[in-house]
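An overview of the molecular structure
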Amino acid sequence: SYYLKLIHLGMYKIVPIATRMTLLFAAIDGAYKLATEMISGDKIKFMISTTVKVGFFLFLIHEWLTLSWALNMFFQQMGFLAGGQEIADATIEAVEGDATKTFKADSIVNNAFVAVNLIYSKAHFSILDPIVTLGSLVCMIAIVIAIFYTALQTFMARIECYTMMLLSVVMLPFGMID
């Protein structure tokens, strides 16, 4: 989607700045510790631990997008598993006979149309029984409104997640300061 492309572009612009900030903070912290605390300490151990710490933070900064994306996909798959994705897909295939109509994570509105179509195919509309027809219409309208509201909330949560993922890269270099 367009927003994900913006997140990727922003990440590629922020990573070099965060890398320089990490190296600058590591140099400042290292110089301060060497000047004040390491007068009689083990300097080799200090240099090795600082190098490993800087390497780890640089790895995090450069792989943050990949790690965050993997975590996001993990939670998405867990949600599908907990929500009974296979059962929902099997129900759609059994009712409509179409195995290509499945629920997908990023197409929430399409999921709403698939669900409403499934409900509509089982609804009972009859001129002879207006109360059942009116009840079915009211239920369908309520379901459509609830699905679109859920879609909006899910969309906002995803945008918030991606934005915080991008903004947290800026905070990673500050982990170098003890």
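Nothing here was measured: the structure is a model prediction, and the numbers come from that model. (Residues numbered from 1 in each chain as written. Predicted model: local features only at pLDDT ≥ 70, side-chain atom pairs only at ≥ 80, totals over all residues. Heavy atoms only, no water.)

**Details of the overall build of the chain**
When its secondary structure is counted, the chain shows five helices and zero strands. In the chain, the order of α-helices and β-strands from amino to carboxyl end is α-α-α-α-α. Here the chain holds 178 residues, and 27% of them are scored as buried. Of the contacts formed within the chain by residues at least 6 apart in sequence, a portion of 70% connects residues at least 24 apart. Carbon and sulfur atoms form 75% of the exposed surface of the chain, whose accessible area is close to 12000 Å². (Helix = DSSP H or I, 4+ residues; strand = E, 2+ residues; numbered from the N terminus. Buried < 20%, exposed > 50% of the residue type's maximum accessible area, 1.4 Å probe, protein only. Contact = heavy atoms within 4.5 Å. Areas by Shrake-Rupley, 256 points an atom, 1.4 Å probe, with all protein chains shown as cover.)

**Considering the pattern of salt bridges**
By the definition in use, this model includes one salt bridge. As a salt-bridge pair, D29 and K33 come within 3.9 Å of each other at their nearest N and O atoms. Of the two residues, D29 and K33 both sit in helix α1 (residues 2-36), four residues apart, roughly one turn of that helix. On the basis of relative accessibility, which here comes to 13%, the residue D29 falls in the buried class. Among the residues examined, K33 registers a relative accessible area of 16% and is labelled buried. (Salt bridge = Lys/Arg side-chain N within 4 Å of Asp/Glu carboxyl O.)

**Side note on the environment of S168**
Positionally, S168 belongs in helix α5 (residues 130-171). Once the C-alpha coordinates of S168 and W64 are considered, the two residues, 104 residues apart in sequence, prove to be 9.1 Å apart.

**Examining α1**
In this model, α1 (35 residues) spans 50 Å end to end at C-alpha, consistent with the 51 Å of a helix rising 1.5 Å per residue. Along α1, the sharpest change in direction is near 30° and occurs at I14; proline P16 comes one to four residues later. (Expected span 1.5 Å × (residues − 1). Bend = angle between axes of the 7 residues up to and from the residue.)

**Describing the packing of α1 against helix α2 (residues 43-82)**
α2 packs onto α1 with a crossing angle of 170° between their chain directions and a minimal axis gap of 10 Å. On the basis of their axis angle, the class for α1 and α2 is roughly antiparallel. Residue composition of the contact of α1 with α2, by class: 16 nonpolar, five polar and one charged. (Axes fitted to C-alpha atoms, helices over the stretch in contact; angles between N-to-C directions. Parallel < 35°, antiparallel > 145°, perpendicular 65-115°, else oblique. Nonpolar A, V, L, I, M, F, W, Y, C, P; charged D, E, K, R; others polar.)

**Brief notes about α2**
E63 marks the point of greatest bend in α2, at about 65°. Against α1 and α5 lie the buried residues of α2.

**Looking at the nonpolar core**
I7, M11, I61, L65, Y162, M165 and V169 are the most contacted members of the largest nonpolar core, which totals 13 residues. Sorting the residues of this core by element identifies α1, α2 and α5 as the ones contributing at least two each. If sequence neighbours within four positions are ignored, Y162 has contacts with Y3, L4, I7, W69 and N72. Among the nonpolar cores identified, the runner-up in size contains five residues, and A26, V54, F57 and M176 belong to it. (Core = buried A, V, L, I, M, F, W, Y, C linked by side-chain atoms within 4.5 Å.)

**Brief notes about the confidence of the model for the chain**
Regions with low pLDDT should not have their predicted coordinates read in detail. In the predicted model, the chain carries a mean pLDDT of 79, and 83% of its residues have values of at least 70. Looking over the chain, one finds the lowest element-wise mean pLDDT in helix α3 (residues 85-96), namely 58, and the highest in α1, namely 86. (pLDDT = per-residue confidence, 0-100.)

**Section: the packing of aromatic side chains**
This structure, assessed with the given rule, holds four aromatic pairs. Between the aromatic rings of F56 and F57, the centroid separation amounts to 6.1 Å while the plane-to-plane angle is 80°, which identifies the pairing as edge-to-face. For F56, a relative accessible area of 47% corresponds to the partly exposed category. The buried category is assigned to F57, whose relative accessible area is 14%. Look at W69 and Y162: their rings are 6.0 Å apart centre to centre, the planes differ by 15°, and that puts the pair in the stacked class. Here Y162 lies in helix α5 and W69 lies in helix α2, a separation of 93 residues in the sequence. (Phe/Tyr/Trp six-rings, centres within 6.5 Å; stacked < 30°, edge-to-face > 60°.)

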